[in-house]
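Overview (structure and organization)
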Amino acid sequence: CNYSIRIPADYPFGTYKESAEYAAEILQTRIKKACGINLPISDVPTEHDIALVYDIDTYGQEAFNISVGDGNVVLTCGSKRGPLYAAFGFLEEILGYRFYGQNSEYLKGKNTVSVDSGYMHTEGLNTPFKYRHTYTRLYLNHKYYGAYDGSFPDSYTAAHITGNWDGMSNIM
């Protein structure tokens, strides 16, 4: 396979290198699981890339766009959680993953992936919500249980939740 996952070589002010690197690792792990290939991660362009690119002016902190052209996939994203949302968006829209909660994901059986040139998908622009959250915790025997309790670090991002409240006391 002549594809790689490309992260930026330089990071614009207000972006997080760790976020892009983690998004690349998420892509690498899930693509290997879905297709059986281990794509290298690099900041050097190759013949064909799945590239993470920042565009803060257009996508703010969390929005993203997936576009396909000339044999490349470009995940253009905002600054904060944008790379992570773009990675999970790609996995959902292109590979068919579904993320339901902590350690609960489903993959519609895919071994090969084909996407038409010109494909485009955007999420997060003009979202009417500043804060998205599902409160799904159960308190039982002096312990909290929930779909998104932090033991699965990707769970909030995969579910497109922008924050985490640990109990109602934080808002009262």
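A short tour of the structure in this document, coming up. Quick caveat: nothing in here was measured; it's all calculated off a predicted structure. Here the residue index of a chain counts from 1 through its sequence in written order. Under the rules for a predicted model, residues below a pLDDT of 70 receive no local features and side-chain atom pairs below 80 are neither given nor counted, while totals for whole chains, interfaces and linings still include all residues. Each side-chain value is derived from all of the structure's non-hydrogen atoms; neither hydrogens nor water enter the calculation.

**Description of the side chain of serine 19**
Elements are defined by DSSP. Helices are runs of H or I of four residues or more, strands are runs of E of two residues or more, and each kind is numbered from the N terminus. In this fold, serine 19 is placed in helix H1 (residues 17-35). Beyond its immediate stretch of four places on either side in the chain, serine 19 contacts Lys80, Pro83 and Leu84. Any pair of residues with heavy atoms lying within 4.5 Å of one another is described as a contacting pair.

**Concerning the side chain of serine 4**
As for its placement among the helices and strands, serine 4 is situated in strand S1 (residues 3-6). Remark: exposure states derive from per-residue accessible area (1.4 Å probe, protein chains only) relative to the maximum for the residue type, with buried under 20%, exposed over 50%, and partly exposed in between. With relative accessibility at 3%, the residue serine 4 sits in the buried group. Two N or O atoms count as a polar contact when they lie within 3.5 Å, although within protein this holds only if one can serve as hydrogen donor and the other as acceptor, and sequence-adjacent residues are included solely when both atoms are side-chain atoms. Within the structure, the side chain of serine 4 is placed 2.9 Å from the side chain of threonine 46, a separation counted as a polar contact.

**Considering the environment of tyrosine 59**
Secondary-structure assignment places tyrosine 59 in helix H2 (residues 56-59). With 18 residues separating them in the primary sequence, tyrosine 59 and cysteine 77 have C-alpha atoms 5.8 Å apart. Residues within four places of tyrosine 59 in sequence aside, it is in contact with Phe64, Asn65, Thr76, Cys77, Gly78, Thr122 and Leu125.

**Looking at the nonpolar core**
Where a protein is soluble and globular, its nonpolar side chains tend to be buried together. Counting residues in each nonpolar core, the largest one holds 31 residues, and the members touching the most others are Leu27, Ile50, Leu75, Phe90, Leu91 and Leu95. At the level of secondary structure, the elements contributing two or more residues to this core comprise H1, strand S3 (48-54), strand S4 (64-69), strand S5 (72-77), helix H3 (82-95) and strand S6 (97-101). Considering each element in turn, this core owes the most residues, nine residues, to H3. Apart from residues no more than four positions distant in its own chain, leucine 27 is found in contact with Ile5, Ile50, Leu75, Ala87, Phe90 and Leu91. We call a set of buried Ala, Val, Leu, Ile, Met, Phe, Trp, Tyr and Cys residues a nonpolar core when their side-chain atoms join them within 4.5 Å.

**Quick look at H3**
Its 14 residues give H3 an end-to-end C-alpha distance of 19 Å, which sits within 8% of 20 Å, the value for a rise of 1.5 Å per residue. Burial of H3 is extensive: 13 of the 14 residues sit out of reach of the surface. By this rule, a helix spans an expected 1.5 Å times one less than how many residues it contains.

Honestly, it's all geometry; don't read function into it.
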